[in-house]
Amino acid sequence: MRTAKDFFAPLAVGAPAPVREIPARPSRAIHFFDPGNPKMAAKVPDMVGTVDVLLGNLEDAVKAENKEISREGLVKIGRDVDFGPTQFWTRINSLDSPWVLDDLTTLVPAIGDKLDVIMVPKVQGAEDIHYVDRLLAQLEAKAGITKPILIHAILETARGVANVEEICGASPRMQGISLGPADLAADRRMKTTRVGGGHPGYLVRQDAPALAEGGYDFTGQRAIFQQDLWHYTMARMVDACAMHGIYAYYGPFGDIKDTVACEDQFRNAFLMGCVGAWSLHPVQIKIANKVFSPSVEDVKHARRVIAAMGDGTGAVMLDGKMEDDASVKQCKVMVDLAEELAANDPELKAKYDAIVVD
Ligand SMILES: CC(=O)SCCNC(=O)CCNC(=O)[C@H](O)C(C)(C)COP(=O)(O)OP(=O)(O)OC[C@H]1O[C@@H](n2cnc3c(N)ncnc32)[C@H](O)[C@@H]1OP(=O)(O)O
Ligand SMILES: CC(=O)C(=O)O
Ligand SMILES: [Mg+2]
């Protein structure tokens, strides 16, 4: 383990100095596209400014025979497109795959000055981050890159979940973590066959009603309540990220047509502390942009509490509820996020600016 003294030292002579703090850039939707798919690739320039993150995917969902075409497509997009306010990320192939070394040694010299974040799949422990960290430093130094490329890990193995805290703290490049529910389910031997979302079989059932003569009626209809399969993992991920000052994300929601359940899953993630989720299809971008932006009502309430609390200490009653230092802190999280997002999103800014605090 690196000591505190060495933690922020560049890992190669000539590599840029690591960042001390991960910038809070909007990343409500991380939109996946296959850079080797001509239809998707053609849409990328017009998507700039409509989505916070455009991610060229090289890993799963790209056929083995197309890996090189996708990598070349990504280089072309990286060179040709002006990403403006939108972040440009990639997901490389897994560290045990035959493609990852070429991914990194091609992408960093070619478009390393454009790439904000590299997403690393199937991360098992800090050693995986250390490997990518050192290699990136060497490649950045060789290519003369001046801004360090950040790393985002996908939490999609049982060992990765067990090691999530050390993964988050493994490098100053660590930008965040996404839940990878599909590979994680397979690795854990869960009995699901989906990409994210809930499962109708994972439920609790209302208690059986008591009978007048004693005992219970187990025969009648009883309400069932579907439970969230991902709650435990999400909670661990959010805590580990918050502890290390990096960002947590829900991953993919594979049922593209079920926009209602997608919105629910994203909202759960937002409420738990995530800043964004993945978008696999253009229809999911606006769901994520909506869900991960504080609502006008929440911002209005937060501003009222902050105003009522003066210097932020003590306790007051507002609308019949007690507010104190801790509720002000929550309200500040909401207001700060709203301001960060509004700085990049004129429509949102107009909505927040129109709020009148009574
Ligand atoms: C578990 C994991 O690892 S998840 C991450 C890996 N998976 C991915 O990255 C999947 C990305 N998404 C996709 O491949 C596709 O969206 C699919 C396969 C899910 C659906 O694709 P389609 O059946 O073509 O969807 P659909 O017909 O609705 O597409 C409508 C249009 O949007 C385009 N489109 C679809 N998805 C995307 C996308 N992610 N980005 C940009 N454009 C897209 C299509 O090319 C099509 O264009 P056209 O109107 O010019 O013909
Ligand atoms: C996100 C991802 O890669 C997975 O769910 O497996
Ligand atoms: Mg995966």
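Calculation notes
Residues numbered from 1 in each chain as written. Chains lettered and ligands numbered in written order. Predicted model: local features only at pLDDT ≥ 70, side-chain atom pairs only at ≥ 80, totals over all residues. Heavy atoms only, no water. Helix = DSSP H or I, 4+ residues; strand = E, 2+ residues; numbered from the N terminus. Buried < 20%, exposed > 50% of the residue type's maximum accessible area, 1.4 Å probe, protein only. Near = heavy atom within 4 Å. Polar contact = N/O pair within 3.5 Å; in protein donor to acceptor, adjacent residues only side chain to side chain. Areas by Shrake-Rupley, 256 points an atom, 1.4 Å probe, with all protein chains shown as cover. Nonpolar A, V, L, I, M, F, W, Y, C, P; charged D, E, K, R; others polar. Donors = N, O, S within 2.8 Å, 3.2 Å for Na, K, Ca; no water. Domains from an automatic or database assignment. Contact = heavy atoms within 4.5 Å. Buried area = accessible area lost by both parts, 1.4 Å probe. UniProt positions renumbered as here; feature names shortened; annotations may be inferred. Pairing = 2+ DSSP bridges. Right-handed = clockwise from strand over helix to strand, strands pointing away. Salt bridge = Lys/Arg side-chain N within 4 Å of Asp/Glu carboxyl O.

Undergrad: Help me understand unusual backbone geometry, please; the structure alone is not making it clear to me.
TA: Trans peptide bonds make up most of the peptide bonds, and negative phi angles are found at most residues other than glycine. The phi angle at Ala-61 is positive, at roughly 90°, despite the residue not being glycine. Even without glycine at this site, Asp-319 takes up a positive phi of about 55°. Tracing the backbone shows Asp-319 in the loop between β11 (315-318) and β12 (321-324). A relative accessible area of 57% means that Asp-319 is categorised as exposed.

Undergrad: Is there a simple way to explain the site of ligand 2 in this structure?
TA: In the region of ligand 2, the neighbouring residues are Arg-91, Glu-156, Gly-180, Pro-181, Ala-182, Asp-183, Pro-252 and Trp-278. Arg-91 places a side-chain nitrogen or oxygen 3.1 Å from an oxygen atom of ligand 2. Contact with the protein chains removes 94% of the 220 Å² of surface that ligand 2 exposes when unbound. Per-element accounting of the shell around ligand 2 gives the leading share, 3 residues, to helix α8 (residues 181-188). For the shell around ligand 2, the per-class residue count stands at 4 nonpolar, 1 polar and 3 charged.

Undergrad: Whenever I open this one, the coordination of the magnesium ion (ligand 3) confuses me. Can you help?
TA: Each donor-metal-donor angle in an ideal tetrahedron of four donors is 109.5 degrees, and each such angle in an ideal octahedron of six donors is either 90 or 180 degrees. Only Glu-156 (OE) and Asp-183 (OD) from the protein coordinate the magnesium ion (ligand 3), and they sit 2.1 Å from it. Linking Glu-156 in the loop between β5 (150-155) and α6 (158-162) with Asp-183 in helix α8, this pair joins segments that are 27 residues apart in sequence. You can call Glu-156 buried: its relative accessible area is 4%. Look at Asp-183 and you get partly exposed, because its relative accessible area is 24%.

Undergrad: Which parts of the structure should I look at to understand the site of ligand 1?
TA: Among the 16 residues in the neighbourhood of ligand 1, the closest are listed as His-31, Phe-32, Lys-43, Leu-280 and His-281. His-31 places a polar side-chain atom, nitrogen or oxygen, 2.8 Å from a nitrogen atom of ligand 1. Interatomic distance of 2.7 Å between a side-chain N/O atom of His-281 and an oxygen atom of ligand 1. Notes on ligand 1: free accessible area 960 Å², of which the protein chains cover 61%. Of all the secondary-structure elements, those providing two or more residues to the shell around ligand 1 are β1 (29-33) and α2 (38-47). Among the residues making up the shell around ligand 1, the classes are represented as 9 nonpolar, 3 polar and 4 charged.

Undergrad: Looking at this model, I keep getting lost on the domain arrangement of the protein. Mind explaining?
TA: Size of an interface, as often reported, equals the accessible area lost when the parts are brought together. For the protein, the assigned domains are domain 1 (4-200 + 227-292) and domain 2 (299-330 + 332-353). Centre-to-centre, using C-alpha coordinates, domain 1 lies 30 Å away from domain 2. Contacts between domain 1 and domain 2 engage 6 residues on the former and 6 residues on the latter. At the boundary of domain 1 with domain 2, total buried surface from both sides reaches about 550 Å², with 62% on carbon and sulfur atoms. For the pair domain 1 and domain 2, the number of links is 1 residue pair in polar contact (both at pLDDT 80 or more). Here the side of domain 1 that touches domain 2 is built from residues that sort into 5 nonpolar, no polar and 1 charged.

Undergrad: Any chance you could explain the UniProt feature "domain: HpcH/HpaI aldolase/citrate lyase" (unreviewed entry) in the protein here in plain terms?
TA: The sites that UniProt annotates as "domain: HpcH/HpaI aldolase/citrate lyase" (unreviewed entry) are residues 32-194. With 44% helix and 17% strand, residues 32-194 has end C-alpha atoms that lie 18 Å from one another.

Undergrad: I tried to follow the pairing of β1 on my own but got confused; where do I start?
TA: Along any regular strand, the residues point their side chains to alternate faces of the sheet. β1 sits mainly inside the fold: 5 of its 5 residues count as buried. Relative to strand β10 (residues 277-279), β1 runs parallel, the two sharing 3 bridges. What sits directly across from His-31, in β10, is Ser-279. Since β1 and strand β2 (residues 53-57) lie parallel, the crossover through α2 that links them has a hand, and here it is right-handed.

Undergrad: Help me understand the pattern of salt bridges in this model?
TA: Side chains that differ in sign of charge can pair as their charged atoms come close. For the coordinates displayed, the defined rule picks out 22 salt bridges. Two residues, Glu-263 and Lys-290, come together in a salt bridge whose shortest N-O distance is 2.8 Å. Placement of the pair is Glu-263 in helix α10 (residues 259-272) and Lys-290 in helix α11 (residues 283-291), with a sequence separation of 27 residues. Arg-304 is the salt-bridge partner of Asp-358, the closest N and O atoms lying 3.8 Å from each other. Here the residue Asp-358 occupies a position in the segment after α14 (346-353), and Arg-304 occupies one in helix α12 (residues 296-308), the gap between them amounting to 54 residues. Among the charged side chains, a salt-bridge network with shared partners connects Glu-59, Asp-60, Arg-91, Lys-122 and Asp-183.

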